[in-house]
Protein chains: 2
Amino acid sequence: MRRLPQNPLVQPADVKPSRSDHRVLGAFNPGVAQLGHETLLLLRVSETPAGAEDEWLSSPIWDAERGELDVVRFRRDDPDVTEVEPRGFRHRGLLYLTSISHLRLARSYDGVDFTVANTPALFPSEATEAFGIEDCRITRLNETYWITYKAVSRDGICIGLATTRDFVTYERHGIAFEPHNLDVVMFPEQIGGDHVALTRPETWIAEAPAMWIARSPDLLHWGRHELLMKPRPGKWDSGRVGASAVPIPTGRGWLEIYHGATPEHEYCAGLLLLDREDPTKILARSEQPILRPTEPYETEGFFGGVIFASGATVRDGKVTLYYGASDDTTAAAEATVEELLSTLPAG
Amino acid sequence: MRRLPQNPLVQPADVKPSRSDHRVLGAFNPGVAQLGHETLLLLRVSETPAGAEDEWLSSPIWDAERGELDVVRFRRDDPDVTEVEPRGFRHRGLLYLTSISHLRLARSYDGVDFTVANTPALFPSEATEAFGIEDCRITRLNETYWITYKAVSRDGICIGLATTRDFVTYERHGIAFEPHNLDVVMFPEQIGGDHVALTRPETWIAEAPAMWIARSPDLLHWGRHELLMKPRPGKWDSGRVGASAVPIPTGRGWLEIYHGATPEHEYCAGLLLLDREDPTKILARSEQPILRPTEPYETEGFFGGVIFASGATVRDGKVTLYYGASDDTTAAAEATVEELLSTLPAG
């Protein structure tokens, strides 16, 4: 794929914090939608308390009962503090994150130059969102946009559901997938009378997290789950795999852009081709990634070595893939559907 | 509760192995149903290759592609073998179980004296069942019995669904809950137009596995998940909790017999009272277990210190609770609904 020369398209400095006492750490992993002539991103905006001193670790946590944000602080040299890494730490065994994320709208008429809203689109409000709302995907079905997002709390990572028709007002529909689940992407049309979604449950038994596929009569309730695709030992997607973009209908099948990571956490994008009538059938899969972190904004930053593809637009056969780079900025790359398909072996 | 003097009611010696080259290790954790005047148990029957020598570890695994059972063997002193315990071990990091379970029917006219069928009712047949089928629950809705069971494989523990009307023929309905889930128990009637189930997802983030509640339009697809109840630090159910019996409708609410365990794996039974109209509301919960392992068949055996309640009959206000004892036998205890309710504080 060809990276846009304007990359990164959105950076933390482009985003106003949701509160004056916080600063923005990242604007990344966007859900992507087309509304009229516009390209819309629902960015994951991660924030941390401003002015955090070097000797303190801070964790912002949404208190759903009191309806306000708490900031918990520990001294870095507290002997009860363990497993400190950029994204989180533990205190007396309990997990804390160093930032909290919400979803923020960014709009563009050319898909390159984005205007970021000054206030959140979806902010944590439930106990299941105490650690934040992250990494949404957006699927349009008729006039409604269905948003699946990671609801993160100490009770687990599960999939929250919201809808909008205009990206001005949003309706929440609770938890569609129990813990532990992430990277849920719905297909843009029904298949054999069912709604279909790619999912990514996690279990301590499995050697490495795999993609599953689920069906639904109404997008709220899901079942008839099947294992779809596992990581491949020794390859670029050996550590974990998950759906990235909404599947694109093509003459050869559903073209799914997915992400894979190594156990060392290098995240790349690759392709999967699924049968149009029976998407549990895999027709082809990228031997090599179509996008691997090489540019400075992809290899350096909050968490370097990460290309996390999270949505795409398709216009006149051209795919623009949006992705989070290094867990802090948003970038994009382009290719035609034909170019992408040509990288896959004949199905 | 009063234990039946005939306990244990079913023992491994009462069960014919499903194959001549295997022996039965356990007949426990039964799903329970009433069909006419009969009490039916769908026992979890665990089997292991017969004549396994002391220096070998054997793991029976269902190969769904070839449609047959494999037995994998490793020398106990193999340096690649780790984490050996009665139920399983690892080889080069990969998990193996020492037994494989299927479901076996046992019938009784008095609920005490059971005749065990000579052949399995449900035997592993899918890749998701490679390590076995375990710990089912049975809920009757109209004339159909819905069976939720643990499908265990290296891809995770998930919930398989089957139905029967006569316990002679069974129909499978695939996976109703993705990994990692167990202890799924459906309510015996719709509430507010929805089918409802208690579930037990597992996630590495949560300190201890909790019970959730889910809703469904059709028993096949589930959503609108909510966290229901967490383990309580310092109490008998501090390590994990899960639904045991089908909720019993009473004048005070839904009476749910659940199981709780300590981090040291002592499993007990306790009570939960849920609002009749809104079962996400907890009205009362046992401070002390109603059943704790004290008898020799509960404290000694394959995995001692375990009372795993898994189903109950209710006749004329009398509850007979069936449970797996020490992961190898089946026992029962009785009390009236009134006696059980009287142990709970006023709601």
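Just above sits the structure.
Now for a quick tour of the structure. All values reported here derive from a predicted model rather than from experimental measurement. (Residues numbered from 1 in each chain as written. Chains lettered and ligands numbered in written order. Predicted model: local features only at pLDDT ≥ 70, side-chain atom pairs only at ≥ 80, totals over all residues. Heavy atoms only, no water.)

Each of the two chain copies goes to the other by way of a rotation about an axis and a shift along it. Once chain A is rotated about the relating axis by 180° and shifted along it by 0.0 Å, it coincides with chain B to within an RMSD of 0.0 Å. The two molecules are tied by a two-fold rotation axis, judged by turn and shift. In this assembly the copies share their binding face: 100% of the residues contributing to the interface of chain A also contribute to that of chain B. (Least-squares fit on C-alpha atoms with pLDDT ≥ 70 in both. Contact = heavy atoms within 4.5 Å.)

A word on the sheet that holds strand S7 (residues 88-91) of chain A. Residue and element names in this part refer to chain A. The three strands lie next to each other as S6-S7-S8, forming an open sheet whose pairing is antiparallel. Looking at which strands have only one partner, the edges of the open sheet turn out to be strand S6 (81-85) and strand S8 (94-97). Averaged over all adjacent pairs, the angle separating strand axes in this sheet is 20°, with direction ignored. Pairing analysis gives four bridges linking S7 to S8, with the strands arranged antiparallel. (Pairing = 2+ DSSP bridges. Helix = DSSP H or I, 4+ residues; strand = E, 2+ residues; numbered from the N terminus. Axes fitted to C-alpha atoms, helices over the stretch in contact; angles between N-to-C directions.)

Once that is clear, we can look at the interface of chain A and chain B. Every contact between the two is made by 39 residues of chain A and, on the other side, 39 residues of chain B. The interface formed by chain A and chain B contains two salt bridges. Asp-155 of chain A is the salt-bridge partner of Lys-230 of chain B, the closest N and O atoms lying 2.8 Å from each other. The interface formed by chain A and chain B contains 21 residue pairs in polar contact (both at pLDDT 80 or more). (Salt bridge = Lys/Arg side-chain N within 4 Å of Asp/Glu carboxyl O. Polar contact = N/O pair within 3.5 Å; in protein donor to acceptor, adjacent residues only side chain to side chain.)

Another aspect to go through is the packing of aromatic side chains. Between two aromatic rings, the relevant description is the distance of the centres plus the angle of the planes. Counted according to the given criterion, the structure contains 22 aromatic pairs over all chains. Ring geometry for Trp-62 of chain A versus Phe-123 of chain A: centroids 5.9 Å apart, planes at 80°, classification edge-to-face. With Trp-62 of chain A in strand S4 (residues 56-63) and Phe-123 of chain A in the loop between strand S10 (115-116) and strand S11 (132-141), the pair connects residues that are 61 residues apart, well separated along the chain. Owing to a relative accessible area of 24%, Phe-123 of chain A belongs among the partly exposed residues under this scheme. Summarising the aromatic geometry, the rings of Phe-74 of chain B and Phe-89 of chain B are spaced 5.9 Å apart at their centres and angled 80° between planes, so their arrangement reads as edge-to-face. Here Phe-74 of chain B is found in strand S5 (residues 68-75), whereas its partner Phe-89 of chain B is found in strand S7 (residues 88-91), with 15 residues between them in sequence. Connected via pairs of aromatic rings, a cluster forms that spans Phe-74, Phe-89 and Tyr-96 of chain A. For the cation-ring pair, Arg-276 of chain A lies above Trp-254 of chain A, with the distance from its terminal atom to the ring centre recorded as 5.0 Å. (Phe/Tyr/Trp six-rings, centres within 6.5 Å; stacked < 30°, edge-to-face > 60°. Buried < 20%, exposed > 50% of the residue type's maximum accessible area, 1.4 Å probe, protein only. Lys NZ or Arg CZ within 6 Å of the ring centre and 35° of its normal.)

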